[in-house]
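Structure at a glance
The primary structure of each chain is shown beneath.
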Amino acid sequence: MTIKEAIDNAVQNGDSYALQVILDSWERDLYVDPNGSVEHPPVAISFGSHTINGVEYPTPIATYGNLIVIQAPPKSMKTFFTSLLISAFLEGGTSRGFGNMKGHSNNKDVYHFDTEQSKFHAQRVFSRTNKMAKEPSTGYNTYALRALDHAERKHFIEYCLFDKSNREVGMFVIDGIADLVADVNNIEESNKLVQDVMKWTQQLNCVGICVIHQNYGSDKPTGHLGSALQKKAESMIKVDRDGMMARISAKDTRNYPFEEFMMKINGYGYPEIVPNVMSRV
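Everything in this summary refers to the structure shown in the same document. (Residues numbered from 1 in each chain as written. Predicted model: local features only at pLDDT ≥ 70, side-chain atom pairs only at ≥ 80, totals over all residues. Heavy atoms only, no water.)

1. Some details on the side chain of Asp109
Stated precisely, the cut-off is as follows: The helix and strand labels rest on DSSP assignments: H or I over at least four residues marks a helix, E over at least two residues marks a strand, and numbering proceeds from the N terminus. The buried label goes to any residue with under 20% of its type's maximum accessible area, the exposed label to any with over 50%, and the partly exposed label to all in between, with areas taken from a 1.4 Å probe on protein chains only. Residue contacts follow a heavy-atom distance rule, with two residues in contact if any of their heavy atoms lie within 4.5 Å.
Among the structural elements, Asp109 can be located in strand β5 (residues 109–114). Overall, the relative accessible area of 5% leaves Asp109 in the buried class. If we skip the residues at most four places from it in the chain, Asp109 touches Gly139, Asn141, Ser165, Arg167, Glu168, Val169, Gly170 and Met171.

Listed below in structure tokens is the structure:
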């Protein structure tokens, strides 16, 4: 039974005691002490560092308990960038190709869901991501969800994150978040999905990464779903094709923004960060 169902039952049955117990529990869990010490959120993936009041901190791309969104036009290397993020998280980011990007996974699991590609193409992406780490990870759990409908995909993701896993989840990636709704312009459906994804990140204290297309001829992610994600995400990251490379930038972030960088595909077909190369745009 969900909390909402418990509240509805208490109200319908006139059980004021049960309702009070629920609300008291909420009050304890949701209270934030304005006089308490302010801690920087634990970083899951960082790019470089910055200094505040003489203290050096890793500059976050993503922090635990939060949602980030990757937006890009079609065929702009966004799936390659997603591979780079996941492999850096799993491996720690010590290889040359990760540049200043570092992962802070603490041996937590990653769940990667692809909603668009066939099993063949999805497996090729998953294999590339795993091979980029120094040692292939047993904590990298991968699924191709194209055969399911939008509601089935959402239920299956919840099952994997909350019922299947017997280890701590550090990150989940939904490459094709738009395929979890019937209509990306349906306000109620889109808001519900975004709220659910935010709830998953908080309950699991993990990073949620959602990948979405942006509208043609626009800087905005697709539909009302894209607008809702942009409002709620910790960071919006843009991937723009720039010749034979891709430009990665922090479009909007609640954190200290990481520096824009360039990514290319190397001779082995793996994405890597290009050091000291500026965008032409």
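2. As for the layout of surface pockets
Filter applied, for reference: Cavities and pockets are defined on a 1 Å grid built over the protein atoms alone: a cavity is a set of grid points where a 1.4 Å probe fits but cannot escape, while a pocket is an open set with protein on both sides within 12 Å along at least five of seven lines, and lining residues are those with an atom within 4 Å of any such point. Grid points are joined across faces, edges and corners, and a volume is the space filled by probe spheres set on the points.
Estimated volume of the second largest pocket: approximately 430 Å³. Considering the residues around the second largest pocket, the lining is formed by 17 residues, among which Lys75, Lys78, Thr79, Phe80 and Gln117 are closest to the centre. Mapped by element, the contributors of at least two residues to the lining of the second largest pocket are α3 (78–91) and α4 (119–132). With four residues, the single largest contributor to the lining of the second largest pocket is α4.

3. Describing the sheet that holds β5
For clarity, the threshold we go by: The pairing criterion for strands is at least two bridges between them, as found by DSSP. All axes are obtained by fitting lines to C-alpha atoms, using only the stretch in contact for helices, and the reported angles, taken between N-to-C directions, cover 0 to 180 degrees.
Read from one edge to the other, the open sheet built from nine strands follows the order β6-β5-β7-β8-β3-β9-β10-β11-β12, with strand pairing classed as mixed. Two strands lie at the open edges of the sheet, namely β6 (140–144) and β12 (271–274), each paired on one side alone. Here the strands of the sheet are splayed against their neighbours by 20° on average, with no regard to which way each runs. Strand direction decides the pairing type here: strand β9 (residues 235–242) and strand β10 (residues 245–253), joined by eight bridges, are antiparallel. The residue of β10 that forms the bridge with Ile237 is Ala250.

4. Let's talk about the packing of helix α5 (residues 150–164) against helix α6 (residues 187–204)
We count it as follows: By the definition adopted for this analysis, an angle is roughly parallel if under 35 degrees, roughly antiparallel if over 145, roughly perpendicular if from 65 to 115, and oblique otherwise. In this count, Pro and Cys sit with the nonpolar residues alongside Ala, Val, Leu, Ile, Met, Phe, Trp and Tyr, while Asp, Glu, Lys and Arg are called charged and the others, Gly among them, polar.
Here α5 crosses α6 at 10°, and the two axes come no closer than 12 Å. In terms of orientation, α5 lies roughly parallel with respect to α6. From α5, His150, Lys154, Ile157, Glu158, Leu161 and Phe162 reach across to α6, where they touch Glu189, Lys192, Leu193, Asp196, Trp200, Gln203 and Leu204. Residue classes in the contact of α5 with α6 are distributed as six nonpolar, two polar and five charged.

5. Side note on the packing of α6 against helix α7 (residues 223–232)
Selection criterion: Rotating anticlockwise by less than a right angle from the far helix to the near helix defines a left-handed crossing, while the corresponding clockwise rotation defines a right-handed one.
For the pair α6 and α7, interaxial distance at closest approach is 9 Å and the crossing angle is 35°. In terms of crossing hand, the pair formed by α6 and α7 is right-handed. Between α6 and α7, the residues in contact are Ile187, Ser190, Asn191, Leu193, Val194, Gln195 and Met198 and His224, Leu225, Ala228, Leu229 and Lys232, respectively.

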